[in-house]
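An overview of the molecular structure
Listed below, chain by chain, are the residues.
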Amino acid sequence: MAKCERNDVGSLVLNRAAGGGSFRLFSSSSGATFRKKVFDFVRCGGSRHFREDEVAGVQPLPLAPEPAQERSEPRRKGSEKLSELLKNSWEGWGEEDGNAEETKRKTEAFEEVKRVVRDLQVGEGVRKSGGAVEVRRRAKEDLEARTTLAMLGAIPPLVGMLDSEDQESQIASLYALLNLGIGNDENKAAIVKAGAVHKMLKLIESPNEPPNSAVSEAVVANFLGLSALDSNKSIIGSSGAVPILVRTLKNLDKTSSSQAMQDSLRALYNLSILPLNISVILETDFVSFLLNTLGDMEVSERILSILSNVVSTPEGRKAISTVPDAFPILIDVMNWNDSPGCQEKASYILMVMAHKSYGDRQAMIDAGIVSSLLELSLLGSTLAQKRASRILECLRVDKGKQVSESYGGSLGSVGVSAPICGSSSSSANPNLSSKEAFEEEEDMMSEEKKAVKQLVQQSLQNNMRRIVKRANLPQDFVPSDHFKALTSSSTSKSLPF
């Protein structure tokens, strides 16, 4: 935003054109540039001493020093000055184009916008509800209208309409606020500051009866739009909206529409970006629900995106690891060759958990992750291959440490991931010939490879058992010799270790 000074509003001065009675800009500029200057003026200079509960919301400073003979006249209200500024700017744009008809049309349109806001501010009943419907219509696809309506003071009365007992008025104001916030961060912030979040929650938190489905859908849509702004994430997350969104997504009462469920999932993703909201999300059984919902290709990638945010915190990793079959589910996702995005996100989640916890690494091995990682490291996308290789590295180092510990007596107290090459066993046992000592050292050097081979064989066995179990086949359907063939010495030579 442009630099603002308290009394420097020279960039907004409007001078009368020479020989004419209409207003023109002091310097030639586009309409978008002028509106930005007006908006900066309202936010920086004109709104410095206003109260948030005022309807108009602005008290701009005078545009120029008042002549001595006019200072005794009463000052006009800030909203009237702002309206005149906007009106004159609209007229000036038409004159710059030399089109009188366009000037007339813009003037009439601006007067109509003022009338709509006036209906919201001072109207009652049907008139006020009609004003909300008109705001919704005008703000639906017109970015300029959203800015103008908000600057004229449309947001506070719309938020106040949420206290109405009439559901039609509630729905009209909800969708009007939704449209005002589309693509306009200033309006999103203003809606939340006006207290809209808590009023929306009151509409759908009735303990006696389920909320109206149309009202609930409009509230969820607003939470989606408002949560896109970073400064709103903490306010919405701490307001109690998360359980409402989870309930809508799970649709336990069978009243949520498909659109409401999609909006809830996207809103929860927006909220999960802020780490402070993770603990609030974990207070529900949301993580378990997400893991067990994986498989629906329409929502799986967004679910994995949420879990990628959850896994960034220690409590999030613990919540994922405690869900039954969490690792088999995520490993299964890594085999979705037709969905590279899901493979990349699932491998990221497993990579973070493998890096942070030895217990999780063992659970992944038991779930048969190695064979899936080997396949992904060869056939996956570039990013998925890198992540699969990093997980394999974590598992390899673990297995190497186990091998080193098993030979701790001969290697001393040094903690390494492989036997020390320079420690010849002949020095420990001088009775051995040089050939025998070399063969013994070779055996020790290959122990890590043997351990990796055993790891792969165990993983393949676990995978095959799961496949046999899912297909309801007899347990001896695949003979044990088949596993040995899969992990023969010729196969192990090609392993990337």
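Residues numbered from 1 in each chain as written. Predicted model: local features only at pLDDT ≥ 70, side-chain atom pairs only at ≥ 80, totals over all residues. Heavy atoms only, no water.

**A look at the overall build of the protein**
A count of helices and strands for the protein gives 28 helices and two strands. Each of the 497 residues in the protein was classed as buried or not, and the buried ones make up 44%. A separation threshold of at least 6 residues defines the contact pool for the protein, and within that pool the share at least 24 residues apart is 66%. Total accessible area computed for the protein in this model is approximately 26100 Å², and 50% of it derives from carbon and sulfur atoms. (Helix = DSSP H or I, 4+ residues; strand = E, 2+ residues; numbered from the N terminus. Buried < 20%, exposed > 50% of the residue type's maximum accessible area, 1.4 Å probe, protein only. Contact = heavy atoms within 4.5 Å. Areas by Shrake-Rupley, 256 points an atom, 1.4 Å probe, with all protein chains shown as cover.)

**Focus on the pattern of salt bridges**
According to the stated counting rule, one finds 10 salt bridges in the structure shown. Among the ionic pairs, Glu301 bridges to Lys345, the shortest N-O distance being 3.3 Å. With Glu301 in helix H16 (residues 300–310) and Lys345 in helix H19 (residues 340–356), this residue pair connects regions lying 44 residues apart in the sequence. Judged by its relative accessible area of 36%, Glu301 is partly exposed. Linked by salt bridges that have partners in common, Glu112, Arg115, Asp119 and Arg127 make up one network. (Salt bridge = Lys/Arg side-chain N within 4 Å of Asp/Glu carboxyl O.)

**Remarks on empty space enclosed by the protein**
Space left empty within the atom packing is revealed by a probe, the size of a water molecule, rolled over the atoms. On inspection of all chains with the given rule, the structure shows two cavities of 30 Å³ or more. Taken as a whole, the largest cavity holds about 140 Å³ of empty space. Contributing to the lining of the largest cavity are 13 residues, with Pro211, Ser216, Asp253, Thr255 and Ser256 lying nearest its centre. Listing elements by their share of the lining of the largest cavity, those giving two or more residues are helix H10 (213–226) and helix H12 (241–250). The greatest single-element share of the lining of the largest cavity, amounting to three residues, is contributed by H10. Looking at the lining of the largest cavity residue by residue, the class counts come to three nonpolar, seven polar and three charged. (1 Å grid on protein atoms, 1.4 Å probe; cavity = no way out; pocket = protein on both sides within 12 Å on 5 of 7 lines; lining within 4 Å. Points joined across faces, edges and corners; volume = space filled by probe spheres on them. Nonpolar A, V, L, I, M, F, W, Y, C, P; charged D, E, K, R; others polar.)

**Some remarks on H16**
Here H16 lies mainly inside the structure; nine of its 11 residues are buried. Here the buried face of H16 lies against helix H13 (258–272), helix H14 (278–282), helix H15 (286–293), helix H17 (314–321), helix H18 (326–333) and H19.

**A few points about the environment of Ala172**
For Ala172, the position within the fold is in helix H7 (residues 167–181). The exposure class assigned to Ala172 is buried, which follows from its relative accessible area of 6%. When neighbours within four sequence positions are excluded, Ala172 is seen to be in contact with Ser129, Ala132 and Val133.

**Thoughts on unusual backbone geometry**
If you check the backbone angles, Asp325 has positive phi at about 65° while not being a glycine. Residue position: Asp325 is located in the loop between H17 and H18. For Asp325, a relative accessible area of 54% corresponds to the exposed category.

**Remarks on the nonpolar core**
Ile320 and Ile369 are the most contacted members of the largest nonpolar core, which totals 94 residues. Among the elements that line this core, the one with the most residues is H19, at eight residues. (Core = buried A, V, L, I, M, F, W, Y, C linked by side-chain atoms within 4.5 Å.)

**Looking at H19**
It helps to recall that an α-helix has 3.6 residues per turn; residues three or four apart then point in one direction. Counted at 1.5 Å a residue, the expected span for H19 with its 17 residues is 24 Å, and the 24 Å between its end C-alpha atoms agrees. Of all 17 residues in H19, 12 are buried; the element is thus mostly enclosed. The set of residues buried in H19 consists of Gly341, Cys342, Gln343, Glu344, Ala346, Ser347, Ile349, Leu350, Met351, Val352, Met353 and Ala354. (Expected span 1.5 Å × (residues − 1).)

**What about the side chain of Asn222?**
Considering the arrangement of structural elements, one finds Asn222 in helix H10. At 2.9 Å, the side chain of Asn222 and the backbone oxygen of Ala218 are in polar contact. Not counting residues within four places of it along the chain, the set of residues in contact with Asn222 comprises Leu174, Leu177, Leu178 and Met200. (Polar contact = N/O pair within 3.5 Å; in protein donor to acceptor, adjacent residues only side chain to side chain.)

**Structural notes on the side chain of Arg387**
Tracing the chain through its elements places Arg387 in helix H22 (residues 382–406). Here Arg387 occupies a buried position and makes no salt bridge, while the nearest side chain of opposite charge, Glu344, is found at 5.3 Å. Among all residues touching Arg387, those that are not within four sequence positions of it are Glu344, Lys345, Ser347, Tyr348 and Met351. (Lys, Arg positive; Asp, Glu negative; His and termini not counted.)

**A closer look at the packing of aromatic side chains**
Here a ring pair, both rings aromatic, is described through the centre-centre distance and the interplanar angle of the planes. What the rule picks out here adds up to zero aromatic pairs. The ring of Tyr175 has Arg136 sitting right over it, with the charged end atom 4.4 Å from the ring centre. (Phe/Tyr/Trp six-rings, centres within 6.5 Å; stacked < 30°, edge-to-face > 60°. Lys NZ or Arg CZ within 6 Å of the ring centre and 35° of its normal.)

**Here's the deal with the environment of Val113**
Within the fold, Val113 resides in helix H3 (residues 100–122). In the structure, Val113 is positioned 35 residues away from Thr148 in sequence and 8.2 Å away in space, judged by C-alpha atoms. Residues in contact with Val113, not counting those within four places in the same chain, are Arg138, Thr148, Leu149 and Leu152.

**Concerning the packing of helix H9 (residues 196–204) against H10**
Across the interface, H9 lies against H10 with an axial gap of 9 Å and an inter-helix angle of 150°. Between H9 and H10, the crossing angle belongs to the class labelled roughly antiparallel. Once H9 is placed against H10, the crossing between them reads as left-handed. Residues Val197, Met200, Leu201, Leu203 and Ile204 of H9 lie in contact with H10, whose contacting residues are Val215, Ser216, Val219, Asn222, Phe223 and Leu226. Across the contact of H9 with H10, the residue classes break down as nine nonpolar, two polar and no charged. (Axes fitted to C-alpha atoms, helices over the stretch in contact; angles between N-to-C directions. Parallel < 35°, antiparallel > 145°, perpendicular 65-115°, else oblique. Left-handed = near helix turned anticlockwise from the far one by under 90°.)

**Some words on the confidence of the model for the protein**
Per-residue confidence for the protein averages 74 on the pLDDT scale, and 59% of its residues sit at or above 70. Of the regions scoring below 50 in pLDDT, residues 486–497 engages in 17 contacts with residues more than four places distant in sequence or in other chains. (pLDDT = per-residue confidence, 0-100.)

**Remarks on the packing of helix H4 (residues 126–139) against helix H5 (residues 143–151)**
In the contact formed by H4 and H5, the axes pass within 8 Å of each other and the chain directions differ by 140°. When the interaxial angle is binned, H4 and H5 end up oblique. Facing Val135, Arg138 and Ala139 of H4, the residues of H5 in contact are Ala145, Arg146 and Leu149. A per-class count over the contact of H4 with H5 returns four nonpolar, no polar and two charged.

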